[in-house]
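# An overview of the molecular structure
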Amino acid sequence: VKPADLELSKRGLGENIDLRIMQLPVVYQKAKEQVCKIWTTLQPLVVHVGLASSATALIILEQCGKNKGYQERDACGFHPEGACCVLDGPEKIESTINMKTLWKNISVEGIDIILSRDAGRYICDYTYYTSLYYGNGRAAFIHVPPLSESVTAEFLGKALQTIILAMLEQCGEQREMDHREKKTMIS
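Residues numbered from 1 in each chain as written. Predicted model: local features only at pLDDT ≥ 70, side-chain atom pairs only at ≥ 80, totals over all residues. Heavy atoms only, no water.

As recorded in an unreviewed UniProt entry, the protein chain goes by the name Pyroglutamyl-peptidase I like, listed as coming from Catharus ustulatus.

As structure tokens, this is what we get:
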């Protein structure tokens, strides 16, 4: 997905958005360390993008991360202690971003977008859950297909830009609602 990341980096998300792209290793512990560092230093909205090699022309919006069932070994031959992300963590954590609403209201010409509640119990799901856990749900995960003749880096970069901007818009609407509710509660 690296060429698509570069394309998204070139496109950006607008002048008011500080876009930072980082590649995570396919190693449970190292990925977890980097995710924790992101949340302790930046407090952002984190959007993870992972490769779904089985999906040839699909973008998959993942709604939640799962804590247990990580039996498959990573690139270094390890799997997490207790086969879970966070010992004693909740079984699943939902993103504060409503992926179903996003899925219903967004379209990218030339590719199908679907909704999922299972990111696969490997590094993608592990990273997503970890990010949701440390970020209080302020994370998202998008599975993208491998690059091909029809799914180019430019195409994926533009698709990611469209989806992430819609996520940010939804977050802005949620903040406005929260602010109005707080204002109403104070009055």
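Right, let's talk about unusual backbone geometry for a bit. What is expected of a backbone is that most residues other than glycine have negative phi and most peptide bonds are trans. In this structure, Asp 88 is a non-glycine residue whose phi angle is positive, near 65°. Mapped onto the secondary structure, Asp 88 falls in the loop between β3 (64–66) and β4 (92–94). With a phi close to 50°, Asn 136 is a non-glycine residue in the positive phi region. With respect to the helices and strands, the residue Asn 136 is situated in the loop between α4 (123–134) and β6 (139–144). Residue class for Asn 136 comes out exposed when judged on its relative accessible area of 68%. (Helix = DSSP H or I, 4+ residues; strand = E, 2+ residues; numbered from the N terminus. Buried < 20%, exposed > 50% of the residue type's maximum accessible area, 1.4 Å probe, protein only.)

The next thing to look at is helix α2 (residues 28–41). With 14 residues, α2 ought to run about 20 Å at 1.5 Å a step, and its terminal C-alpha atoms sit 20 Å apart, in line with that. Where α2 is concerned, the buried positions are Tyr 28, Ala 31, Lys 32, Val 35, Ile 38 and Trp 39. For α2, the arc enclosing every buried residue in end-on projection is 120°, short of the 170-degree limit, so these residues lie on one face. Exposed and facing more than 90 degrees away from the buried side of α2 are Lys 37, Thr 40 and Thr 41. Structurally, α2 contributes buried residues whose contacts are with β1 (46–51), α4 and β6. Remark: Gln 43 follows α2 within two positions and exhibits a positive phi of approximately 55°. (Expected span 1.5 Å × (residues − 1). Arc of directions from axis to C-beta. Contact = heavy atoms within 4.5 Å.)

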